[in-house]
Amino acid sequence: MADSWVNSAERIGADLHLELSGPGGRRAALIRALREAVRSGRLTPGTRLPPYRSLAADLGVARNTVADAYAELVAEGWLTARQGSGTLVAERAEPLGAHTRVPKKAPPRARGPRHDLRQGTPDASSFPRAAWLASYRRALREAPNEAFGPGDPAGRIELRVALTEYLARARGVRTEPGRIVICSGFAHALRLLFPEVLRGPLAVESYGLAFHRELLTAAGVRTVPLPLDEDGARVDGLDRERAVLLTPAHQFPTGGPLHPARRAAVIDWARARGGVILEDDYDGEFRYDRKPVGAVQGLDPERVVHIGSVSKSLSPALRLGWMVLPERYVEGVLEAKGEREAWASVLDQLTLADFVASGSYDRHVRRMRQRYRRRRDRLVDALAVHAPHVEVTGIAAGLHAVLRLPPGSEQSAVKAAVWQGLALDGLAEFRHPEFRDSEFRDSEAAMSAPDGLVVGYATPSEHAYGAALEALCAALPPP
């Protein structure tokens, strides 16, 4: 986080970017960052600062830390506090001017985007700290002594039992604890599966994360793109592949679910060809227009590897995920993982087990489902007013939306977003390299390659979201 504050007492909702680093605690770092913001002129005299609660939530610090920092700077004369007016930058706090000598060789400060609408990251300020801490304390108190020894590569039995019940209830997954292997996330699951347990070529959707394709390529696995249309991946295009990777609940990034007929068709293909389906349960819990659709794994547990994680529902910082495996793959995955747990913290596993079993995970998901639905609704409403010619595609689900743009306007829109201080991705960034070839793109089975923007509406803090939407609308092309 590096720069900019709107110089207006009325606009408390703008984003305040501070870098908390250096020696000392969070209070000392916050005081240094605020002094520097005033000294450099980024916070100008008369600027009103965010309330304690808002800034504390955005920075992930205690409310008292912000209150103490404000009080210290008021005492030093950098800030003023008035009843009913909040905390303001003091009028006598002179910013760094032309008459002030600055070392010529001082390295420039990194400048980041003012607004972050990149996909894939949940609202960090919404992490359920109190509930997680309560689960951590219970898990630590009740953990058996052997939990503090070398970890089981399958994962803690407490977590596998809790996931068995939760996935059956919430996602329609049919399994048992012995067929669940804990991992550190989806990428880790791919590394465990390829090339020791499964081999390529692997059919994948024609839109997806380049990081996953690169990981597979590094493992010597060729990926073959499947065209997409309004019903999801064209699974009738499966040929000699023995495995296929799908995001059936909410295709990433285009946003549609896999049609029920195609769910049945891909199961039939797997049974007939001895194939396997890798089900990335991306955004499986976050469906806003109706109840989330169940997992494909429930149709045939022996033909589907179901992969999930808490990176979107809780936080990517936890590095916890799971694979629900057909019985024939369990031994191979455990051999690939090694004799001891080397990836996922045992204490985090025990905490998540309690978090799920106590109902805290369900409550958190319900709360975030409501919050993200409001975020998506605000995005749709802002576009209806300021850019009615831009269509929001896909179902109401997940942490991002795709904005369909007029043909030929994607690159200019991405550049305009940069000028607005806005970080987001163009849809072209997610296309499979072979999908860019004209021969593939022009085939009857493939959908056209539309221009679009992938907008992550979960990342900004609550008080910064309005300003991010304003910047987005300003960057969109005219009709």
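The helix and strand tally for the chain stands at 14 helices and 17 strands. The buried share of the chain, reckoned over its 479 residues, is 52%. In the chain, of all internal contacts separated by at least 6 residues, the share reaching a separation of at least 24 is 74%.

A few words on the packing of helix α6 (residues 186-193) against helix α7 (residues 210-218). It is the contact of α6 with α7, at a shortest axis distance of 10 Å, that shows an interaxial angle of 20 degrees. Between α6 and α7, the angle is such that the two are roughly parallel. Remark: the crossing between α6 and α7 carries right-handed chirality. Here α6 contributes F186, A187, L190 and R191 to the contact with α7, which in turn contributes F211, H212, L215 and L216.

Time to look at the sheet that holds strand β12 (residues 321-324). One open sheet holds the seven strands; their spatial order is β4-β12-β11-β10-β9-β5-β6, and the pairing between them is mixed. Of all the strands in the sheet, the pair left with one neighbour each is β4 (180-183) and β6 (223-226). Along the sheet, successive strands turn relative to each other by an average axial angle of 20 degrees, direction set aside. As paired elements, strand β9 (residues 243-246) and strand β10 (residues 276-280) share four bridges and run parallel to each other. Within β10, the position partnered with L246 by the bridge is E279. α6 contacts β4, β9, β10, β11 (304-309) and β12 of the sheet and is inclined by roughly 145 degrees relative to β11.

The next thing to look at is the pattern of salt bridges. For the coordinates displayed, the defined rule picks out 24 salt bridges. With a shortest N-O distance of 3.4 Å, D123 and R375 are connected by a salt bridge. Remark: R375 occurs in helix α11 (residues 360-386) and D123 occurs in the loop between β3 (115-116) and α4 (129-142); sequence separation between them is 252 residues. No difference in accessibility class separates D123 from R375, as the two residues are buried. The partner of D300 in a salt bridge is R271, and the shortest N-O contact between them spans 2.7 Å. Taken together, the residues D300 in the loop between β10 and β11 and R271 in helix α8 (residues 260-273) connect sequence positions 29 residues apart. Ionic contacts of the salt-bridge type, sharing partners, join the residues D123, R371, R375, R378 and E462 into one network.

Here we take up the pairing of strand β17 (residues 452-456). Across the five residues of β17, five count as buried, placing the element largely inside the fold. Of the two faces of β17, both are covered, the one formed by G452, V454 and G456 as well as the one formed by L453 and V455. Relative to β17, strand β14 (residues 400-404) runs antiparallel, the two being bridged by five bridges. Looking at the pairing, V402 lines up with V454 of β17.

This paragraph deals with the sheet that holds strand β16 (residues 425-426). Pairing between the strands of a sheet comes from backbone hydrogen bonds, and it takes one of two forms, parallel or antiparallel. Strand order in the open sheet formed by four strands is β13-β14-β17-β16, and the pairing between neighbours is antiparallel. If you trace the sheet from one side to the other, it starts and ends with β13 (391-393) and β16, each paired once.

The next subject is the environment of V390. Residue placement: V390 occurs in the loop between α11 and β13. Put simply, V390 and P479 are 89 residues apart on the chain and 8.1 Å apart in space, counted from C-alpha to C-alpha. Sequence-distant contacts of V390, that is, excluding residues within four places in its chain, are made with L403, R404, L405 and L476.

Right, let's talk about the environment of E91 for a bit. Take E91: it is sitting in the loop between β2 (86-89) and β3. Distance from E91 to T47, taken between C-alpha atoms, is 9.2 Å for residues 44 residues apart in sequence. Setting aside chain neighbours within four positions, we find E91 in contact with P45 and G46.

A few words now on unusual backbone geometry. That bond from F194 to P195 is cis: its omega, -5 degrees, falls within 30 degrees of zero. Within the secondary structure, P195 is located in the loop between α6 and β5 (202-205). In this structure, R319 is a non-glycine residue whose phi angle is positive, near 55 degrees. Here R319 lies in the loop between β11 and β12.

Before going further, it helps to examine the packing of α11 against helix α14 (residues 465-475). At a minimum axis distance of 10 Å, the contact between α11 and α14 shows a crossing angle of 35 degrees. With respect to the hand of their crossing, α11 and α14 are arranged in right-handed fashion. Residue-level inspection shows R375, R378, L379, A382, L383 and H386 of α11 in contact with α14, the latter providing Y465, G466, L469, L472 and C473. By residue class, the composition of the contact of α11 with α14 is seven nonpolar, two polar and two charged.

Next up on the list: the nonpolar core. Burial of nonpolar side chains together is a common tendency in soluble globular proteins. Formed by 53 residues in total, the largest nonpolar core has its most connected members in L379, L403, L453, L472 and L476. It is α11 that contributes the most residues to this core, seven residues altogether. For L379, the residues in contact, after removing those within four places along its chain, are A401, L403, V455, Y457, Y465, L469 and L472. Formed by 27 residues, the second largest nonpolar core is a distinct cluster that contains A189, L198, L278 and L325.

Moving on, we come to the packing of aromatic side chains. On inspection of all chains with the given rule, the structure shows eight aromatic pairs. By way of ring pairs, the aromatic residues F127, W132, Y166, F355 and Y361 are connected into one cluster. Lying across the ring of Y465, R375 places its NZ or CZ 4.8 Å from the centre.

Moving on to the side chain of T80. Positionally, T80 belongs in strand β1 (residues 79-82). Exposure remark for T80: the relative accessible area of 17% places this residue in the buried category. Contacts of T80, omitting those with residues within four sequence positions, involve V74, G86, T87, L88 and A90.

The rules we used
Residues numbered from 1 in each chain as written. Predicted model: local features only at pLDDT ≥ 70, side-chain atom pairs only at ≥ 80, totals over all residues. Heavy atoms only, no water. Helix = DSSP H or I, 4+ residues; strand = E, 2+ residues; numbered from the N terminus. Buried < 20%, exposed > 50% of the residue type's maximum accessible area, 1.4 Å probe, protein only. Contact = heavy atoms within 4.5 Å. Axes fitted to C-alpha atoms, helices over the stretch in contact; angles between N-to-C directions. Parallel < 35°, antiparallel > 145°, perpendicular 65-115°, else oblique. Left-handed = near helix turned anticlockwise from the far one by under 90°. Pairing = 2+ DSSP bridges. Salt bridge = Lys/Arg side-chain N within 4 Å of Asp/Glu carboxyl O. Nonpolar A, V, L, I, M, F, W, Y, C, P; charged D, E, K, R; others polar. Core = buried A, V, L, I, M, F, W, Y, C linked by side-chain atoms within 4.5 Å. Phe/Tyr/Trp six-rings, centres within 6.5 Å; stacked < 30°, edge-to-face > 60°. Lys NZ or Arg CZ within 6 Å of the ring centre and 35° of its normal.

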